[in-house]
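Overview (structure and organization)
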Amino acid sequence: MDFTLSPEQLLIKDSVARFAAGDHAGGEHWPTFAELGWLAIGAPEDLGGFGGPLETLLLMEQFGRGRVVSPYVAQVVFAGTILRAAERTELLQRLVEGEERFAVAYEEPHARYDASRVATAAVRDGDVYVITGTKARVLDPSTADTLIVSARTGDEITLFAVPRDAQGVTLAKYDAEDGHDVANVRLESVRAGASAILGPLGGGLALLELGLDHATGALCAEGLGLMSTMLEATVEYTKQRQQFGVPIGSFQALQHRMAEMFIELELARSMAYLAAMTLGEEQDPVARRRGISAAKAQIAKSGRFVGQQAIQLHGGIGMSEEYKVGHYFKRMTHVERLLGDADFHLARFIAARGAKSEAGTPAPVG
Amino acid sequence: MDLAFSPEERAFREEVRAFIAERLPADIRRKVQAGDPLVKDDYARWHRILSERGWVAPSWPQQYGGTGWTPVQKHIFEEEISYGWAPRLLPFGLSMVAPVIIEFGNDEQRARYLPKIHTGEEFWCQGYSEPGSGSDLASLQTRAERNGDNYVINGTKTWITAAQWADWIFVLARTSQEPKKQDGISFILADMKTPGVTVRPIQTIDGGREINEVHLENVEVPVANRVGGEGQGWNIAKFLLEHERTGTAGIPGCRQQLEALYELLAHEHVDDRRLHERVAQVEIELEALAFTELRTLAAESAGKRPGPESSILKIKGTEIQQAISELALDALGPYAERHLAPKYFNYRKTSIYAGSNEIQKNIIAKRILKL
């Protein structure tokens with residue numbers, strides 16, 4: 001057993017930390033990400049790729065610490081995992097080089113995080129498929145060139161790569177509280193050729209679930225970073241802020257609350273790492289599902305507590321739009337629910353516990 | 001970063017597992033598995049078996065009979081002890097007073113006490129808390145007055161586990177009055193057979209009789225029984241408490257009890273969704289804590305002494321132990337009276353002993369968050 005980071009891992013961590021600590025608001029950072037190799041994390045070596053889920057964790061934790069608003073999870077982790085598993089090397093190469101950007105349109109209205117509830121249909125018409133349906137809450141579609149769309153082909157689900165500006169595609173964007181780009185997407189008789197199919201025909205759900213698990217792991221790491229900064233800011237603030245003639249951090253009621261925040265943060269840290277390990281090593285989908293859902297349920301619970309208490313302990317200033325902690329709280333609130341909230345993942349964890357693994361042996365318990 | 005166990009570590013696990021399977025007396029295994037209380041002879045027999053194998057004192061340096069194990073090996077051993085339904089040995093001699101004697105004692109003391117702690121020939125108990133001094137341990141009133149080559153000890157110690165079996169007690173006593181209450185305390189070893197020592201059992205709310213009050217009335221103890229310098233007792237006490245906290249998380253035990261809880265849910269056909277969700281929530285927290293323990297273990301392997309981070313393990317570990325006992329109670333519903341209710345009552349102690357969880361939060365606030 002060894003918990004130390006390799007020199008290469010330390011290098012990524014430091015370079016991302018420098019970026020995250022700097023002025024990263026606004027601006028176009030994608031070319032920089034490509035140049036620094038951050039778009040190649042998890043990609044095969046012959047595409048210039050390196051690392052895997054642990055490197056993604058190191059990057060996303062720093063993004064969380066600095067509250068970097070970036071389409072990284074949606075366009076690199078989520079989409080990249082799908083392209084890799086679908087063995088679409090030419091598309092993955094364009095992603096890694098920053099030449100083409102992908103967003104995943106999988107969720108539908110009233111599906112409540114369930115990727116298998118797909119009403120969007122792809123109907124065969126000669127050599128092409130005609131796709132019609134509505135996708136809800138697509139993450140970071142505005143900067144994407146291509147949408148990865150899930151659609152029903154008969155009883156099964158298939159993934160299609162559809163140009164965002166294809167005829168029949170309409171984006172209804174709305175402002176997310178945390179500054180991220182989100183839209184509902186309407187597909188009206190969108191025509192897609194056979195080369196648009198990602199992975200096997202009818203094999204879309206397994207690809208989606210793999211992509212979702214990797215993206216969820218990355219969100220856990222972002223949540224960890226967000227929580228770290230919120231706790232640090234709270235501890236600092238209560239040391240400075242004087243009331244009744246003393247720093248409020250000297251009051252035991254507040255000290256115990258911060259000790260509880262610290263415990264939640266450390267449990268969340270453990271689960272974020274455990275999620276990365278699971279993604280790196282686990283081939284069995286049931287065991288992977290179980291590990292990722294456990295992590296997300298924990299991060300969502302810890303994040304809600306740490307976020308709410310960070311605002312509470314800052315008092316009035318915590319409510320102020322000018323002060324940073326509120327922005328972290330808002331992003332944490334989204335991270336809690338993105339790709340499944342605590343209740344969803346708890347239920348998924350319970351289901352995975354009861355399920356036999358696809359390898360034929362029971363899912364491991366310990 | 002690599003979390004897999006090495007082939008050597010896996011072989012070590014097999015060796016421990018086989019040893020426990022072969023050598024643990026069947027009657028003791030049955031009691032542990034059933035959650036029945038053990039008697040002194042049960043502890044003594046298992047203690048002797050481990051001592052003879054050289055596996056009784058993983059936390060000691062090798063020269064005194066320690067195992068020389070890495071932190072990972074110690075962790076594996078702890079796990080296998082639980083999984084094999086072996087008892088956890090009483091900690092008062094092996095992992096409390098012995099590390100103190102090794103760290104602060106002199107050679108005569110090491111030669112006199114350590115071998116008999118190792119073999120289990122002498123049992124120990126802990127004289128820390130007093131009726132008026134619990135969390136504020138430094139306010140203790142027990143006095144040890146110098147009389148020639150002896151100390152004369154007077155006072156009352158309480159909540160003492162296994163005092164009824166103990167041959168020796170280690171006592172924190174005031175050897176001088178100083179302006180600061182932490183000063184003037186010494187760490188003294190007393191033979192329980194010394195005239196003036198009386199043990200009175202305290203029945204607990206679960207019906208158990210594991211704790212006692214110990215009265216010390218003009219108990220004469222040689223000055224040579226003091227460990228460390230006069231007035232150094234508070235430092236020693238802090239050293240011991242930090243030692244005590246590592247391992248209190250009891251994670252392997254929690255895993256087993258959780259499995260038993262799942263079996264109970266299946267056996268009782270409990271289909272209450274909320275109950276299943278509460279159990280799953282605890283299972284997730286247990287996974288998180290287990291990984292947190294591995295992270296502290298890794299830090300220890302890298303040469304860091306167990307520090308204030310062990311407070312997390314104490315707080316969360318005991319909260320989880322209590323939560324599982326509570327869920328088992330709820331799972332069995334109206335039939336919980338005979339067996340599970342006493343356990344639930346008994347487990348309320350875990351967030352109180354070894355420095356209450358509130359005191360642990362003070363430690364986190366002061367020593368980690370620097371508040």
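Residues numbered from 1 in each chain as written. Chains lettered and ligands numbered in written order. Predicted model: local features only at pLDDT ≥ 70, side-chain atom pairs only at ≥ 80, totals over all residues.

Quick word on the domain arrangement of chain A
All names here are of chain A. Along its sequence, chain A is organised into domain 1 (7-100), domain 2 (103-200) and domain 3 (205-354). Using C-alpha coordinates to define each centre, domain 1 is positioned 22 Å away from domain 3. The partner domain 3 presents 24 residues to the 19 residues of domain 1 that form the contact. Of all the secondary structure elements, the ones that give two or more residues to the side of domain 1 that touches domain 3 are helix H3 (53-65) and helix H4 (72-85). Top element by residues in the side of domain 1 that touches domain 3 is H3. It accounts for ten residues. (Domains from an automatic or database assignment. Contact = placed C-beta atoms within 7 Å. Helix = DSSP H or I, 4+ residues; strand = E, 2+ residues; numbered from the N terminus.)

Here we look at the interface of chain A and chain B
At the junction of the two partners, chain A supplies 30 residues and chain B supplies 31 residues. Per-element tally for the side of chain A that touches chain B: the top contributor is helix H7 (residues 252-281) of chain A, with 13 residues. Along the lines of polarity and charge, the residues of the side of chain A that touches chain B split into 20 nonpolar, seven polar and three charged. (Nonpolar A, V, L, I, M, F, W, Y, C, P; charged D, E, K, R; others polar.)

Some thoughts on the packing of helix H1 (residues 7-23) of chain B against helix H4 (residues 71-83) of chain B
Residues and elements named next belong to chain B. Relative to each other, H1 and H4 sit at 35 degrees, their axes nearing to 10 Å. Note on packing geometry: the crossing formed by H1 with H4 is right-handed. Between H1 and H4, the contacting residues are Glu-9, Phe-12, Arg-13, Val-16, Arg-17 and Ile-20 on the first element and Val-72, Gln-73, Ile-76, Phe-77 and Glu-80 on the second. For the contact of H1 with H4, the residue count by class is six nonpolar, one polar and four charged. (Axes fitted to C-alpha atoms, helices over the stretch in contact; angles between N-to-C directions. Left-handed = near helix turned anticlockwise from the far one by under 90°.)

What to know about the packing of helix H10 (residues 310-332) of chain B against helix H12 (residues 357-368) of chain B
Residues and elements named next belong to chain B. Between H10 and H12, whose axes approach to 9 Å, the crossing angle comes to 150 degrees. Relative to H12, the element H10 lies roughly antiparallel. In terms of crossing hand, the pair formed by H10 and H12 is left-handed. Between H10, through Ser-311, Lys-314, Ile-315 and Thr-318, and H12, the contact on the second element is made entirely by Asn-357, Gln-360, Ile-363 and Ile-364. Of the residues belonging to the contact of H10 with H12, the class tally is three nonpolar, four polar and one charged. (Parallel < 35°, antiparallel > 145°, perpendicular 65-115°, else oblique.)

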